[in-house]
Structure formats: C-alpha cells, structure tokens
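Tertiary structure, described
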Amino acid sequence: MAGQTAEDGGAQSGVLTYAGGGGPTILRILLGAQLRRLRVAKDVTREQAGYAIRASHAKISRLELGRVGFKERDVADLLTMYGVTDTEERAPLLTLARQANAPGWWHKYGDLLPNWFEVYVGLEEAASTVRTYEVQFIPGLLQSPEYARAVIMLVHGGASASEVDRRVSLRMARQQRLTRPDAPTLWAVMDEAVLRRPIGGPQVLRAQIDHLLEAVELPNVKLQIMPFDRGGHAAAGGPFSILRFPERDLPDVVYMEQLTSALYLDKLDETDHYMQVMDRLCIQAYSLAESRRFLEDLREELSG
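Residues numbered from 1 in each chain as written. Predicted model: local features only at pLDDT ≥ 70, side-chain atom pairs only at ≥ 80, totals over all residues. Heavy atoms only, no water.

1. Focus on the confidence of the model for the chain
Where the model shows low pLDDT, its predicted coordinates should not be examined in detail. For the chain, the average pLDDT comes to 88, and 91% of its residues sit at 70 or higher. Contacts of residues 1–21 to residues separated by more than four positions or lying in other chains number 51 contacts, the stretch itself having pLDDT below 50. (pLDDT = per-residue confidence, 0-100. Contact = heavy atoms within 4.5 Å.)

In structure tokens, the structure reads:
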C-alpha cells in the first residue's frame, strides 16, 4: 500500500524519517519503502535480494510494500547487500525493523480482525487526514456505541454477547484518536440514504444524529450530506476512503471495503482520480452549515 510503483532508477537512498504514532503498520511501510530505494539505487533485482535472505522475489515485494513483518537478520543482510555497511547508518534502520514488529494497540483485538482490515486500522491510526464517502452506514469513526452495535449485529448476528461487546469496544477505541492532540482531520460525505435508514430503530437513529451533532463541534471533523435532490453525482461507483499521511515519502491510500476483503490503491493516477471525485462530491453536497441544519431538522422530525 505504499512506496513507488515504478522501478525508477533515480530513487534516493536517504533515510526516511517518522514523526507519527501509527504503530507497526506505518513503520513497516516506511522501512519497506527505504529498502526498496536502496535496492533500486544499487540496481539489485527482487530475485537477487530474495536469494540473499533465502526468500522469494514475492516476499521481497511484500516486504517493500510493508505487508509483512521484518526479521532483523533479513534487514541486516539486505543492508549489507545494498552497500549500507556503516554502523551509524545501519542503526536507525535496524531499530525501525525492531519497532515495526511491536504489536499495535489493536493487537488485543487480533482474533476479531481479518488481516485485510488490520492493515486499514494501522493506516487509519497513522493518517493525518481521512476523507470518506458513505452510502449505507454512518462512517465507523462517527458511529455512536448503540448504532455501532446494530451495524455489527447485521454482520455478526450469531456472535456471542461478549464478542459483540469487544467489536463495539474496538470501534470506539478507533474513535479516540479524533480527540487526541495529534488528531487527524476527518472529512466525511454521507448520502442522505444513510440517515434515512433506521439502523437499530428510530431511537438508535435519533441518538446517532445527536452523536453526529456533537462530533461536528470538533475542529477537526467536517461532515457533509449529499441530499436526494442532487440526483446522480460523481461517486457512482460506491463508498471509499482516502488516507493521507504526514510523512512526505508516503503516498495517499484509497481504501474500498468489500464483504470478505478490501482493495487498497496507492498509484498516483488512481489516487488522484479518487481525490478529484471526492472534491466534486464536496462541491455537490450540502455545505457544512447546510449539513448541520439538515441534521438538526432531521432530529426534530424524528422526535415528532
């Protein structure tokens, strides 16, 4: 989900810096991107690199994309192959390898998280901006506990009460970053249908709207509603999210969730297209002030 997508011979070999707190996912991505730069700069193929650490070229690709954990010995061997022999130059990369294998706060929920979503949680934790468009549910970062429980029950209706409680707890834990000093900007666009669908019943929906009205008071949360009367609009393909990171070396990531997997895009031409769509959605939707009034009116309507 990160790093350049073209084998470009002009890659630089300077050490990446990391300023955020996104846990192991973002650390793996940063280290993988740096190893790729070093490999390309030395004109080493993935096959050659894989041979050096007794692995396949496919594993080198996964390492460079940050999709798997690192063995410190493998990183040391690759650095030697790439000509990084100075102790002071190797030390921060080897330290990064150790840190990248440390579990994130969500590790305790590992039994509930499929691998493809665990990656997203790590990226979300590290993002400086999250922009999302939804057509069916309130975005997870804005769900009230009762609404989250109702959504979870739609998918995990046969789960035990304790498992459902833990799934709700995980969703609420993800939201805590919105109120921390390093909080990201969350900019959500929701189709009106999301707010017309009484997930959990009218009472849960009313409480959810109250929750949204509280959330938009946060300086880092923006919410816009796409009303029915706009007709067709830019995002005809369905819901998606775009994550942007404070580290300049990392590309934007577009995330699209499916029933049993997810799609991650990081190629510039793809992410730029989705960013343009998101920008058009924000123009077509109600403004921030209009969206707030819509929520207030809907809250009154549901109370009548």
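2. Section: the side chain of Q143
If you trace the backbone, Q143 turns up in the loop between β1 (129–134) and α7 (145–155). Of the polar contacts made by the side chain of Q143, one reaches the side chain of R171; its length is 2.8 Å. Once residues lying within four places of it in the same chain are set aside, the contact partners of Q143 are F137, I138, A148, V151, R171, M172, Q175, Q208 and H211. (Helix = DSSP H or I, 4+ residues; strand = E, 2+ residues; numbered from the N terminus. Polar contact = N/O pair within 3.5 Å; in protein donor to acceptor, adjacent residues only side chain to side chain.)

3. Digging into the environment of T95
Locating T95 in the fold gives a position in helix α5 (residues 87–100). Since its relative accessible area comes to 29%, T95 is described here as partly exposed. Once the C-alpha coordinates of T95 and E72 are considered, the two residues, 23 residues apart in sequence, prove to be 8.6 Å apart. (Buried < 20%, exposed > 50% of the residue type's maximum accessible area, 1.4 Å probe, protein only.)

4. Overview of the pattern of salt bridges
For the structure on display, the rule yields 21 salt bridges. The salt bridge partner of R54 is D74, with a shortest N-O separation of 3.7 Å. Of this pair, R54 sits in the loop between α2 (46–52) and α3 (57–64) while D74 sits in helix α4 (residues 72–81); the two residues are 20 residues apart in sequence, bridging distant segments of the chain. On the accessibility criterion, R54 (54% relative accessible area) is exposed. Given the relative accessible area of 4%, D74 is considered buried. Overlapping salt bridges bring together R54, K59, D74 and D77 as one network. (Salt bridge = Lys/Arg side-chain N within 4 Å of Asp/Glu carboxyl O.)

5. So, the pairing of strand β3 (residues 221–226)
Where burial is concerned, most of β3 is hidden: five out of the six residues are buried. In this sheet, β3 lies alongside strand β2 (residues 185–191) in parallel orientation, the contact comprising six bridges. Looking across to β3, one finds that M190 is bridged to I225. (Pairing = 2+ DSSP bridges.)

6. Quick look at the sheet that holds β1
Strand order in the open sheet formed by six strands is β3-β2-β1-β4-β5-β6, and the pairing between neighbours is mixed. Pairing within the sheet leaves two strands with one partner each, and these edge strands are β3 and β6 (262–265). Going across the sheet, the axis of each strand differs from the next one's by a mean of 15°, ignoring polarity. Of the strand pairs in this sheet, β1 and β2 are connected by six bridges, and their pairing is parallel. Counted as the bridge partner of E134 is M190 from β2. (Axes fitted to C-alpha atoms, helices over the stretch in contact; angles between N-to-C directions.)

7. Focus on the nonpolar core
Nonpolar side chains tend to gather and get buried jointly when the protein is soluble and globular. Counting residues in hydrophobic clusters, the biggest one holds 70 residues, and the most contacted among them are L123, L195 and F245. If one sorts the elements of this core by residue count, helix α1 (residues 24–41) sits on top with seven residues. Y133, F240, M256 and Y274 belong to the second-largest nonpolar core, a separate cluster that totals 15 residues. (Core = buried A, V, L, I, M, F, W, Y, C linked by side-chain atoms within 4.5 Å.)

8. Overview of helix α12 (residues 288–303)
Turn by turn, an α-helix covers 3.6 residues, leaving residues three or four places apart pointing in a common direction. With 16 residues, α12 should reach 22 Å at 1.5 Å per residue; the first-to-last C-alpha distance of 23 Å fits that figure. Within α12, burial applies to S291, F294, L295 and L298. The arc enclosing the buried residues of α12, seen along the axis, measures out at 100°, which places them on a common side. The outward face of α12, more than 90 degrees from its buried face, is lined by the exposed residues D297 and E300. (Expected span 1.5 Å × (residues − 1). Arc of directions from axis to C-beta.)

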